[in-house]
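Spelled out, the chains give:
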Amino acid sequence: MRASQLQEKIETKLFECLEDIAEEIGLNIPFLPEVYFIGRNFKFETLGLSEKEREDYELVKKGRQSIFFHKQKIILIGTNNIEHISEEAGHFLHITNSHLTLYDKNTKDYLASWIIAEMLGYFSSKLINPDRKNPLNRYPDILNEEDKCMRIINKKGWDTEDFLIYQQGYNLGEKLFNAYISRVTSRRYIRNLFKNNLKGKNNAYSTFLKLRKRLL
Ligand SMILES: [Zn+2]
């Protein structure tokens, strides 16, 4: 398939995911994001982003990952994969409904906000693709078994902060999805999570702890 055809296909799929997730949870789509498929010949300059974003862009391109730039409302998709597309659609809905910001927070609230964002991204992708498997749940929980986990992280050469965010976020997202489909957790509860801006000292952190207690 030509890059332009793939671009069109992925953009259409992402907009469909947005509609489906928004309808399921009862969320607004205030406007549409810009969506770009980052193929081999894609040029960073096309995006109109500043040099500050170049490093993230290069990582996305190299690892064929995907990313949502909150401020610019731009989604980059590195692999034509429904898990990537639906997760980024979920991130877009979360950030545009909550107006959550990450960079005005202390370390604990910053990490907790990011974890909650990944939780909702993963949850969204499960709504679209319930068969998605969480690759991080085979490792011990880093908050319960830190030493054991650190040995694995060091051996694999992973980034500890990334591991913490994605393990906690994806595990909570999986549990949230299970609670939602078995009607233990209501649609309204999920909607409020998508709309919560987590502002104020300790708000994000205490919300994260409550979610752990409720779901794990
Ligand atoms: Zn994500």
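Residues numbered from 1 in each chain as written. Predicted model: local features only at pLDDT ≥ 70, side-chain atom pairs only at ≥ 80, totals over all residues. Heavy atoms only, no water.

Caption draft 1: A look at the domain arrangement of the protein chain. What the domain assignment lists for the protein chain is domain 1 (1–98) and domain 2 (102–216). Domain 1 and domain 2 are separated by 21 Å when their C-alpha centres are compared. Contacts between the two partners involve 19 residues from domain 1 and, on the opposite side, 23 residues from domain 2. Carbon and sulfur atoms supply 62% of the area that domain 1 and domain 2 bury against each other, a total of about 1800 Å² over both sides. Linking domain 1 to domain 2 there are 2 salt bridges. One salt bridge in this structure joins R132 and E83, with 3.6 Å as the shortest N-O distance. Between the two partners, domain 1 and domain 2, sit 9 residue pairs in polar contact (both at pLDDT 80 or more). Contributions of two or more residues to the side of domain 1 that touches domain 2 are made by α1 (3–25) and α3 (82–98). Examining the composition of the side of domain 1 that touches domain 2, we find that 10 residues originate from one element, α3, more than from any other. Partitioning the side of domain 1 that touches domain 2 into residue classes produces 6 nonpolar, 8 polar and 5 charged. (Domains from an automatic or database assignment. Contact = heavy atoms within 4.5 Å. Buried area = accessible area lost by both parts, 1.4 Å probe. Salt bridge = Lys/Arg side-chain N within 4 Å of Asp/Glu carboxyl O. Polar contact = N/O pair within 3.5 Å; in protein donor to acceptor, adjacent residues only side chain to side chain. Helix = DSSP H or I, 4+ residues; strand = E, 2+ residues; numbered from the N terminus. Nonpolar A, V, L, I, M, F, W, Y, C, P; charged D, E, K, R; others polar.)

Caption draft 2: Seen up close, the coordination of the zinc ion. E87 (OE), H91 (NE2) and E118 (OE) make up the full set of protein donors to the zinc ion, lying at 2.0 to 2.1 Å. One chain supplies every donor to the zinc ion, and in sequence these donors are spaced E-x3-H-x26-E. With E87 and H91 both in helix α3 and 4 residues apart, this pair spans about one turn of that helix. Note on E87: relative accessible area 5%, which makes it buried. (Donors = N, O, S within 2.8 Å, 3.2 Å for Na, K, Ca; no water. Buried < 20%, exposed > 50% of the residue type's maximum accessible area, 1.4 Å probe, protein only.)

Caption draft 3: Expanded view of the side chain of E174. Its location among the elements puts E174 in helix α6 (residues 160–181). Among the polar contacts made by the side chain of E174, one reaches the side chain of Y122 at a distance of 2.8 Å. For E174, the residues in contact, after removing those within four places along its chain, are Y122, K126 and N134.

Caption draft 4: Examining the sheet that holds strand β2 (residues 66–69) more closely. One open sheet accounts for 3 strands, arranged β1-β3-β2; its pairing is mixed. Either end of the sheet is taken by a strand with one partner, and the two such strands are β1 (34–37) and β2. The average angle at which neighbouring strand axes cross in this sheet is 15 degrees, direction not considered. Sheet topology note: the β2/strand β3 (residues 74–77) ladder contains 4 bridges and is antiparallel. (Pairing = 2+ DSSP bridges. Axes fitted to C-alpha atoms, helices over the stretch in contact; angles between N-to-C directions.)

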